[in-house]
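# Reading the structure
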Amino acid sequence: MATPEDVRTRAGEALADLAPHLRETFGLRLDRWWDDLRDALEGLYPDPDAVASDVVLTAARGFAARPHDLHLLDERRLLTPDWLQQPRMFGYACYTERFGGDLRGLADRLDHLEDLGVTYLHLMPLLQPREGDNDGGYAVADYRSVRPDLGTTEDLRDLATTLRGRGISLVVDLVLNHVAREHAWAAAARAGDAAYRSYFHVHPDRTVPDAFEETLPEVFPDFAPGSFTWDDELDGWVWTTFNSWQWDLDWSNPAVLLEFAEIVLVLANLGVEVLRLDAIALLWKRLGTTCQNQPEVHDVTQVLRTLARMAAPALAFKAEAIVGPRDLVQYLGVGEHAGRVSDLAYHNSLMVQVWSMLATGDTVLARQALAALPPAPTTGTWIDYVRCHDDIGWAVDDADAAAVGLDGPQHRAFLSSWYAGEFPGSWARGLVFQHNPATGDRRISGTAAALAGLGLDPDGGLARIFLAHAVVAGWGGIPVVWSGDELGQPNDPAWADEPGHEADNRWAHRPRLDPARAAQRHDLRTEAGRVFSGLAHLARVRAGLPQLHASAPSRVLLDTDPGVLATLRAHASGPMVGLYNVTREARPFPLAWLHDAGLAAPYDALGGHRVTAGADGQVWLPAYAAWWVVEAPA
């Protein structure tokens, strides 16, 4: 079995020109992380020693090429390993071109983000995609170049440096599951290169594809049914989970892993601080399964995370795993992978339950679902969000629904009807996305304003937007606001006018930032100003509450009034109780419960007032109230 000493000599040439203290630094990291690397590779490949040696060599080259300012950032991050868990973290996500035009233009609009309190900026896919339809940039044709309309890799480096100087960490997508048909690897495979053909899942006939299709779900049944596509040039059936021009990679081939090891460090050395690992749950294929959440996925992530810890420890990983509620926590690391895989993962279940509570005015299902989730490791951090760039799929677990007397399929159907504005009394105006008659699945597109009913019910809509964001900002982890939602922007009525968008109504909730609304962001007489000031207030209050450090778990309090969601966060600095009234009427909460939680003088940090009760001992929460209750300041 290989040892760190065995591979250090091979890596030595890459490190030869570095100062002695840097060579010693790399050697110490290699010693520290070798076992994690070797153990993960053991579960993936027949010759883990050879692959480990190649990974370390890649790490050494990336470390040697890393700019001085990023080596300093590495040291800062190692001194504050919980930097992503700090309450000051507040996120924003956007398409570069829809927010600022291009990378340089985005840099000119950073005052907007600073005013909101943003410290974490996720720029949607900006690496070179295929021409034409490209799934919003997720069909990457070149991982080492930026879309020409957005700028250059030097522009990306400059932006990352500027953001870092203003206390904002840059987040970029890394698409792992597939590449565009036009990518150089796929082009070489079509040209007959056997080595590159082995980068993909290619079959000469339908025998194997048909066997897999028996258990594979369809992602886009409307415009991309099935998971395999015949390609004449390839002379075979190639695996295409998403679209015919997005070819799934075969991660059982170690050459694919090594390609991405290099790509990870190229992006890290540009100053990217977080990589969003797109479609991570789908990487490993196994016959007879859904080919999601296979155990090897976590081994692959552990290898890439270990690579980064050796070469660029300031780089963090975020798992884009939109999976069943009970599979979520695995992407933050449990069991043998605890502390060894992604630093961040999306809390998809929280998003779904927020919208479910608002539609029903009832928290019973949310309490059941959120309380049933396994605890996250203290080193992991949730990404919490009201919505994202994608549609909303109603990931309501049937067992959770049954536990509170609901029928899972019926409740999902109700949520779709409500948020499409079809259910009597609905204030929402979302759009149905990818209706699958065979399964009954009807996902929903829409901005937060459209889904919260800002257009039909302005006062209620404002309250629901604030309440929804308060729930996710008060859960712990990093709350992320989607671009335009901070201004209350509606669905884009012209979403279908752009070529390539007409069949995908998710573009309705990816509007260009409205300059008129942006100019009103500090004017409380305007709708945009009221929404913006409300979300900026959440960010400011969060930053001053140590109870919202992400290592502290949120526990759902059961048996509350059905219209109230109550969460308890236990932190060394003191407890925090989140109280959220999801109804249009005042709802009660026992003051004694706050005392029992350890709050002698309860105080709502969001509203800036003491929490008191009447003679009946009940605290009455106004309609759609959101309170973060802590001990009153001295």
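Residues numbered from 1 in each chain as written. Predicted model: local features only at pLDDT ≥ 70, side-chain atom pairs only at ≥ 80, totals over all residues. Heavy atoms only, no water.

Attention now goes to the sheet that holds strand E20 (residues 574-581). Across the sheet, which stays open at both edges, the six strands sit in the order E18-E19-E20-E25-E22-E23 with antiparallel pairing between neighbours. Two strands close off the open sheet at either side, each with one partner strand: strand E18 (554-556) and strand E23 (609-610). As defined by bridge partners, E20 adjoins strand E25 (residues 626-631) across four bridges and the pair is classed as antiparallel. Opposite Leu-579, over in E25, you have Trp-627 as the bridge partner. Packed onto the sheet, helix H19 (residues 458-473) meets strand E19 (564-571), E20 and E25 and runs at close to 40° relative to E25. (Pairing = 2+ DSSP bridges. Helix = DSSP H or I, 4+ residues; strand = E, 2+ residues; numbered from the N terminus. Contact = heavy atoms within 4.5 Å. Axes fitted to C-alpha atoms, helices over the stretch in contact; angles between N-to-C directions.)

A few words on the packing of helix H3 (residues 48-65) against helix H12 (residues 254-268). At their nearest, the axes of H3 and H12 sit 9 Å apart, and the two run at 15° to each other. When the interaxial angle is binned, H3 and H12 end up roughly parallel. Seen from above, H3 lies across H12 with right-handed handedness. Across the interface between the two elements, Val-51, Asp-54, Val-55, Thr-58, Ala-59 and Gly-62 from H3 touch Pro-254, Leu-257, Leu-258, Ala-261, Glu-262 and Leu-265 from H12. Of the residues that constitute the contact of H3 with H12, the class distribution is eight nonpolar, two polar and two charged. (Parallel < 35°, antiparallel > 145°, perpendicular 65-115°, else oblique. Left-handed = near helix turned anticlockwise from the far one by under 90°. Nonpolar A, V, L, I, M, F, W, Y, C, P; charged D, E, K, R; others polar.)

Turning our attention to the nonpolar core. Phe-200 and Tyr-419 are the most contacted members of the largest nonpolar core, which has 185 residues in total. Not counting the four nearest positions on each side in its chain, Tyr-419 is found in contact with Trp-355, Leu-358, Ala-359, Trp-394, Trp-427, Ala-428, Arg-429, Gly-430, Ile-444 and Leu-451. (Core = buried A, V, L, I, M, F, W, Y, C linked by side-chain atoms within 4.5 Å. Buried < 20%, exposed > 50% of the residue type's maximum accessible area, 1.4 Å probe, protein only.)

With 17 residues, helix H13 (residues 295-311) extends 25 Å between its outermost C-alpha atoms, agreeing within 8% with the 24 Å of an ideal straight helix rising 1.5 Å per residue. The element H13 is extensively covered by neighbouring structure, given that 16 of its 17 residues are classed as buried. (Expected span 1.5 Å × (residues − 1).)

Moving on, we get to helix H17 (residues 408-419). Given a rise of 1.5 Å per residue, twelve residues ought to cover 16 Å, and the 17 Å separating the end C-alpha atoms of H17 matches this to within 8%. For H17, the full list of buried residues reads Gly-408, His-411, Phe-414, Leu-415, Ser-416, Ser-417, Trp-418 and Tyr-419. Packing partners of the buried residues in H17 comprise helix H14 (348-360), helix H15 (364-372), helix H16 (398-403), strand E16 (441-445) and helix H18 (448-452). Note on H17: the residue one or two positions beyond its end, Gly-421, has a positive phi of about 75°.

Their axes nearest at 9 Å, the elements H14 and H15 cross at an angle of 170°. Considering their axes alone, H14 and H15 lie roughly antiparallel with respect to each other. Each of Ser-349, Leu-350, Gln-353, Ser-356 and Met-357 in H14 lies in contact with H15, whose residues at this interface are Leu-365, Ala-366, Ala-369 and Leu-370. Partitioning the contact of H14 with H15 into residue classes produces six nonpolar, three polar and no charged.

For the structure on display, the rule yields 24 aromatic pairs. One aromatic cluster is present, built from ring pairs that chain together Trp-355, Trp-394, Phe-414, Trp-418, Tyr-419, Phe-423 and Trp-427. Lying over the aromatic face of Trp-83, Arg-77 brings its terminal NZ or CZ to 3.8 Å of the ring centre. The ring of Trp-239 carries Lys-285 above its face, with NZ or CZ at 4.8 Å from the centroid. (Phe/Tyr/Trp six-rings, centres within 6.5 Å; stacked < 30°, edge-to-face > 60°. Lys NZ or Arg CZ within 6 Å of the ring centre and 35° of its normal.)

With that settled, the discussion passes to the pattern of salt bridges. Counting across every chain of the model gives 44 salt bridges. For the salt bridge of Arg-166 with Glu-114, the shortest nitrogen-to-oxygen distance reads 2.9 Å. Note that Arg-166 is positioned in the loop between helix H8 (153-165) and strand E5 (169-175) and Glu-114 in helix H7 (residues 110-116), a separation of 52 residues in sequence. The partly exposed category is assigned to Glu-114, whose relative accessible area is 35%. The closest approach of N and O atoms between Glu-213 and Arg-206, which form a salt bridge, is 3.7 Å. Residue classification places Glu-213 among the partly exposed residues on the basis of a relative accessible area of 21%. Each of the salt bridges in this network shares a partner with another, and the network as a whole consists of Asp-135, Asp-390, Asp-504 and Arg-506. (Salt bridge = Lys/Arg side-chain N within 4 Å of Asp/Glu carboxyl O.)

Taken together, the three strands give an open sheet; going across it, the order is E7-E9-E8, and neighbouring strands pair in antiparallel fashion. Where the open sheet ends on each side, the last strands, each with one partner, are strand E7 (202-203) and strand E8 (228-231). As judged from the four bridges shared by E8 and strand E9 (residues 236-239), these two strands associate in the antiparallel manner. By the bridge assignment, Trp-230 is partnered in E9 with Trp-237.

Counting buried residues along E16, four of its five residues qualify, which places the element largely inside the surrounding structure. As paired elements, strand E15 (residues 431-436) and E16 share four bridges and run antiparallel to each other. Its bridge partner being in E16, Val-432 is matched across the sheet by Ile-444. Here E15 folds back onto E16 in antiparallel fashion, the turn holding four residues, of which Gly-440 has a positive phi close to 80°.

This part is about the side chain of Ser-342. Position of Ser-342 relative to the elements: it lies in the loop between strand E12 (316-319) and strand E13 (344-346). The residues contacting Ser-342, other than those within four sequence positions of it, are Leu-277, Thr-301, Phe-317, Lys-318, Ala-319, Tyr-331 and Leu-332.

The next subject is unusual backbone geometry. If you check the backbone angles, Asp-135 has positive phi at about 55° while not being a glycine. Summarising the element assignment, Asp-135 is placed in the loop between strand E3 (127-129) and strand E4 (140-146). Judged by relative accessible area, Asp-135 falls into the buried class, the value being 14%. Non-glycine residue Gln-434 carries a positive phi angle of around 60°. Residue class for Gln-434 comes out buried when judged on its relative accessible area of 5%.

What follows covers the environment of Trp-627. As for its position among the elements, Trp-627 is in strand E25. Judged by relative accessible area, Trp-627 falls into the buried class, the value being 11%. Between the C-alpha atoms of Trp-627 and Leu-467, which are 160 residues apart in sequence, the distance is 9.3 Å. In this structure, Trp-627 is in contact with Val-577, Gly-578, Leu-579, Asp-604, Leu-606, His-609, Val-611, Val-619, Trp-620, Leu-621 and Pro-622, ignoring residues within four places of it in sequence.

Moving on, we come to the environment of Arg-517. Structurally, Arg-517 can be placed in helix H20 (residues 515-519). Sequence separation of Arg-517 and Leu-487 is 30 residues, and the distance between their C-alpha atoms is 6.3 Å. If sequence neighbours within four positions are ignored, Arg-517 has contacts with Leu-487, Gly-488, Gln-489, Pro-490, Glu-527 and Ala-528. Among the polar contacts listed, one links the side chain of Arg-517 to the backbone oxygen of Gly-488, at a separation of 3.2 Å. (Polar contact = N/O pair within 3.5 Å; in protein donor to acceptor, adjacent residues only side chain to side chain.)

Quick look at the environment of Gln-302 now. By the secondary structure assignment, Gln-302 is in helix H13. Owing to a relative accessible area of 3%, Gln-302 belongs among the buried residues under this scheme. Along the primary structure Gln-302 and Thr-215 are separated by 87 residues, whereas in three dimensions their C-alpha atoms are 27 Å apart. Each residue touching Gln-302, except ones within four places of it in the same chain, is listed here: Asp-36, Ala-40, Glu-336, His-337, Arg-340 and Val-341.

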